[in-house]
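These are the residues of each chain, in order.
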Amino acid sequence: MPATAIAATGPEPVASPPSFGMLALRWYRLNRSGLRAIAIGVTSLLAFLLVWHLLTTYRVVFFVRFTNVPSPLAVYASFTKAIHDPKFLLHIVLSCRRILIGFSLAAIIGVPLGLIMGRFKLIREIIFPVAEVLRPIPAIAWVPMAIMLWPTNEQSIVFITFLGSFFPILINTLHGMSLVDPVLVRAAQCLGARERSIFREVYFPASLPHIFTGLTVGMGVAWVSLIAAEMISGQYGIGYFTWEAYSLVQYADIALGMIAIGVLGLGSSLLIRGAGQLVMPWRVK
């Protein structure tokens, strides 16, 4: 092309970068469902607080008595006082430590044991009857036995927390192993895979969704077991804090302890779900 023609046409136009408004609109479209869920959740919590405020302000008595139930403002005042109290923070730290130790032991033992029981019939026939007899026993019934078994209250509370989370993890892992497609196992065997490779490449990935379901359920039961143990035999912990508030007729602290338990349990479950999304990216929607 002649130089005069190139000069006439001029340089090619450069595309301008997208504006902030376009980027914000694109981000909103990609995250619309998540933002909608957050908005609905926030609205639901605000509605719950409003109903709670109205019921306690007007001391409503309708089958359920709200005459002594503290208001949200009273609980908030108790919270602002508690966060500056080192003893309250110590209660939370000790409960979290007990959950971490008990739940970790349950996962370390329950997941491999469930995998082995699901793979080897003889081991399942030996262990499963014992597990089924012990599983229905509530954690609170283990408190006297745990005190006799372990030399300190701390060890007995961790043991009860371990028991509470162990059986949901074990049963869900075993259930996941029972649902593995035998066609996949035979295909791996036909391709020359050995037992270790089949276990690692077929059984374990196929059981992961059920394993994380068991971990999530086990975490919830672990908190229930921990709070029951702390109320009965503990001297520290958020469960003991709640029971002590009841004994001292400090109603706002009772509600504060219950809310703290709920928030800690929610945070623990979210951590497990987040770990599940990292381990199983193919299940992220």
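That block above? That's the structure.
Everything quoted here is computed from the prediction, not taken from an experiment.

Rules and cut-offs
Residues numbered from 1 in each chain as written. Predicted model: local features only at pLDDT ≥ 70, side-chain atom pairs only at ≥ 80, totals over all residues. Heavy atoms only, no water. Patch = residues over 30% accessible without salt bridge, like charges linked within 9 Å, V, L, I, M, F, W, Y side chains within 5 Å. Areas by Shrake-Rupley, 256 points an atom, 1.4 Å probe, with all protein chains shown as cover. Salt bridge = Lys/Arg side-chain N within 4 Å of Asp/Glu carboxyl O. Helix = DSSP H or I, 4+ residues; strand = E, 2+ residues; numbered from the N terminus. Core = buried A, V, L, I, M, F, W, Y, C linked by side-chain atoms within 4.5 Å. Buried < 20%, exposed > 50% of the residue type's maximum accessible area, 1.4 Å probe, protein only. Contact = heavy atoms within 4.5 Å.

Peer 1: Could you clarify how one ought to interpret a nonpolar patch on the surface in this entry?
Peer 2: A cluster of nonpolar side chains, namely I38, V42, L46, F48 and L49, defines an oily patch on the protein surface of about 490 Å² accessible area. Following the sequence through the fold, F48 ends up in helix α3 (residues 32-57).

Peer 1: Just to check I follow, could you spell out the nonpolar core for this structure?
Peer 2: Across soluble globular proteins, nonpolar side chains have a tendency to be buried as a group. Among the nonpolar cores identified, the biggest contains 52 residues, and I160, I169, L215, W223 and I238 are the most heavily contacted of them. If one sorts the elements of this core by residue count, helix α10 (residues 195-233) sits on top with 13 residues. Excluding residues within four positions of it along the chain, L215 makes contact with F103, A107, I169 and I272.

Peer 1: How should the environment of R119 be read in this particular structure?
Peer 2: Within the secondary structure, R119 sits in helix α5 (residues 86-119). Counting along the chain gives 59 residues from R119 to S178, while the straight-line C-alpha distance between them is 8.5 Å. Those residues in contact with R119 that lie beyond four places of it in its chain are M177, Q189, E195, F199 and Y203.

Peer 1: Is there a simple way to explain the pattern of salt bridges in this structure?
Peer 2: Opposite charge on two side chains makes pairing possible when the charged atoms of those side chains draw close. One pass over the structure, following the stated rule, counts 5 salt bridges. The salt bridge involving R98 is made with E154; its shortest N-O contact spans 2.8 Å. Of this pair, R98 sits in helix α5 while E154 sits in helix α8 (residues 153-178); the two residues are 56 residues apart in sequence, bridging distant segments of the chain. Residue R98 is classed as buried on the basis of its relative accessible area of 3%. The exposure class of E154 is partly exposed, given its relative accessible area of 24%.

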